[in-house]
Amino acid sequence: MKILSPSFSNGQPLPRECGYHYANRNPELLFSEVPARARSLALIMDDPDAPSGTFVHWVVWNLPPATAKLLPGKLPPEACKGRNQFGDDGYDGPAPPSGVHRYFFRLFALDTLLTLPTGTGRKELEKAMAGHVVDEAALMGTYSSHR
């Protein structure tokens, strides 16, 4: 399984518009080679370089396995949005206090649909995914404070 973006290459800077203090819109993401036995996809975006430890920016599950791309600001109607560490349900982009941080987009193919309420956080999502992950992929972009 693969996750790519036409907006940035793995290990390269995310577009400024993705930042929390700018347009605050997710980059376009492309998914391919999803296993045939996948019943849904889940996506987690986090920043392991945050001063207080890994900071969660985006949690999504029950994406249809046929999803080939996510456009900025748009999710399929079946998708469920989880709570990020800004306290919002949905995407909130990078806002590093200083320096350059890494942002990981982790895609999971699951052999089931998840029955979790909107606003579920990362830990609860990971607990529900346990034993159901059939494949995973990651894409990493960087973002620096633009102050």
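Residues numbered from 1 in each chain as written. Predicted model: local features only at pLDDT ≥ 70, side-chain atom pairs only at ≥ 80, totals over all residues. Heavy atoms only, no water.

This next bit is on the overall build of the chain. In terms of regular secondary structure, the chain is built from one helix and eight strands. Starting at the N terminus, the α and β elements of the chain follow one another as β-β-β-β-β-β-β-α-β. Computed over its C-alpha atoms, the radius of gyration of the chain comes to 14 Å, within 12% of the 15 Å expected for a compact globule of 147 residues. With the C-alpha coordinates aligned to their principal axes, the bounding extent of the chain is approximately 45 × 30 × 25 Å. Here the chain holds 147 residues, and the buried ones make up 45% of them. Taking the contacts inside the chain whose residues are at least 6 apart along the sequence as the reference set, 71% of them involve residues at least 24 apart. Of the accessible surface of the chain, which amounts to about 7,200 Å², a share of 50% is contributed by carbon and sulfur atoms. Between the averaged position of the 15 positive side-chain charges in the chain and that of its 15 negative side-chain charges there is a distance of 2 Å. (Helix = DSSP H or I, 4+ residues; strand = E, 2+ residues; numbered from the N terminus. Rg over C-alpha atoms; globule rule 2.2 N^0.38 Å. Buried < 20%, exposed > 50% of the residue type's maximum accessible area, 1.4 Å probe, protein only. Contact = heavy atoms within 4.5 Å. Areas by Shrake-Rupley, 256 points an atom, 1.4 Å probe, with all protein chains shown as cover. Lys, Arg positive; Asp, Glu negative; His and termini not counted. Charge placed at Lys NZ, Arg CZ, Asp CG, Glu CD.)

Once that is clear, we can look at the pattern of salt bridges. In the structure shown here, the tally under the stated rule is six salt bridges. A salt bridge links Arg102 to Asp49, with the nearest nitrogen and oxygen atoms 2.8 Å apart. In this pair, Arg102 is assigned in strand 7 (residues 100–110) and Asp49 in the loop between strand 3 (40–47) and strand 4 (55–63), connecting sequence segments 53 residues apart. Among the ionic pairs, Glu126 bridges to Arg122, the shortest N-O distance being 2.8 Å. (Salt bridge = Lys/Arg side-chain N within 4 Å of Asp/Glu carboxyl O.)

On to the sheet that holds strand 5 (residues 69–70), then. Sheets are built from strands that pair by backbone hydrogen bonding, the pairs being arranged parallel or antiparallel. Ordered in space as 1-2-5, the three strands form an open sheet in which the pairing is antiparallel. Of all the strands in the sheet, the pair left with one neighbour each is strand 1 (2–4) and strand 5. By the bridge criterion, two bridges tie strand 2 (residues 29–32) to strand 5 in an arrangement that is antiparallel. Across the sheet, Leu30 pairs through a bridge with Lys69, a residue of strand 5. (Pairing = 2+ DSSP bridges.)

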